[in-house]
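Structure at a glance
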Amino acid sequence: MYEYGNEYVGTVFVLPETRCFELKTTVQGEPAIVHGTISQQLAARFTEGAAQAIDPRQVALQPRRVEVMTREIHERHRAPRKVYCLTRLFDFELAPQGDPAAAVAG
């Protein structure tokens, strides 16, 4: 079994109830879809009331830079397979809850 982390840029769709994700990205210039589970630490941030909570609907609005752990599993008498786990969202800032007009006034 081999395990390594990769950074991807693409559109991420998350289902926090089932701890699953789907990432639409490009790998070596070809479009690809990566899907798998969400790490326990990241899944906790998708719950309401959590510290630094993330709204899952906001994640898919624009392409994001993410870290995905890839585990290559080699079992005897079976074809090798890859299992993916979303571990981190980079550059995800929470929107301020204040008045949007206050940021424009100067």
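Since we're looking at a predicted model, the values are computed, not measured. (Residues numbered from 1 in each chain as written. Predicted model: local features only at pLDDT ≥ 70, side-chain atom pairs only at ≥ 80, totals over all residues. Heavy atoms only, no water.)

**Considerations on the overall build of the protein chain**
Inclusion rule: In this description a helix means any DSSP run of H or I spanning at least four residues, a strand means any run of E spanning at least two, and both kinds are numbered starting from the N terminus. Relative accessible area decides the class of each residue, using a 1.4 Å probe on protein chains only: under 20% of the type maximum gives buried, over 50% gives exposed, and in between gives partly exposed. We call two residues in contact whenever any of their non-hydrogen atoms come within 4.5 Å of each other.
Per the secondary structure count, the protein chain includes three helices and five strands. Its helices and strands taken in sequence order, the protein chain reads β-β-β-α-α-β-β-α from the N to the C terminus. The burial tally for the protein chain puts 25% of its 106 residues in the buried class. A sequence separation of at least 24 residues applies to 50% of the contacts in the protein chain between residues at least 6 apart.

**Comments concerning the confidence of the model for the protein chain**
Counted only if it meets this: Confidence scores labelled pLDDT are given residue by residue by the predictor and lie between 0 and 100.
Looking at the protein chain as a whole, the pLDDT averages 84, with 86% of positions reaching at least 70. Every residue in residues 95–106 scores below 50 in pLDDT, and together they form zero contacts with partners more than four places removed in sequence or on other chains.

**So, the sheet that holds strand 5 (residues 81–90)**
How we decide: Pairing between strands is defined by DSSP: at least two bridges between the two strands are required. Axis lines are fitted to C-alpha atoms, over the contacting stretch for helices. Their N-to-C directions set the angle, which ranges from 0 to 180 degrees.
Pairing is mixed around the closed barrel formed by five strands, whose spatial order is 1-2-3-5-4. On average, adjacent strands in this sheet sit at an angle of 50° to one another, irrespective of strand direction. Bridge analysis of strand 1 (residues 2–15) against strand 2 (residues 20–27) gives six bridges, and the strand direction is antiparallel. Paired with Leu15 across the bridge in strand 2 is Cys20.

**What to know about the nonpolar core**
Convention followed: Residues enter a nonpolar core if they are buried and are Ala, Val, Leu, Ile, Met, Phe, Trp, Tyr or Cys, with the set joined through side-chain atoms within 4.5 Å.
Grouped together as the largest cluster of nonpolar side chains are 17 residues, with contacts concentrated most on Phe21, Leu23, Ile38, Phe46, Val66, Val68 and Leu86. Secondary-structure elements contributing two or more residues to this core are strand 1, strand 2, strand 3 (30–38), helix 1 (40–45), strand 4 (64–73) and strand 5. Sequence-distant contacts of Phe46, that is, excluding residues within four places in its chain, are made with Val14, Pro16, Ile38, Ile54, Pro56, Val59 and Leu89.

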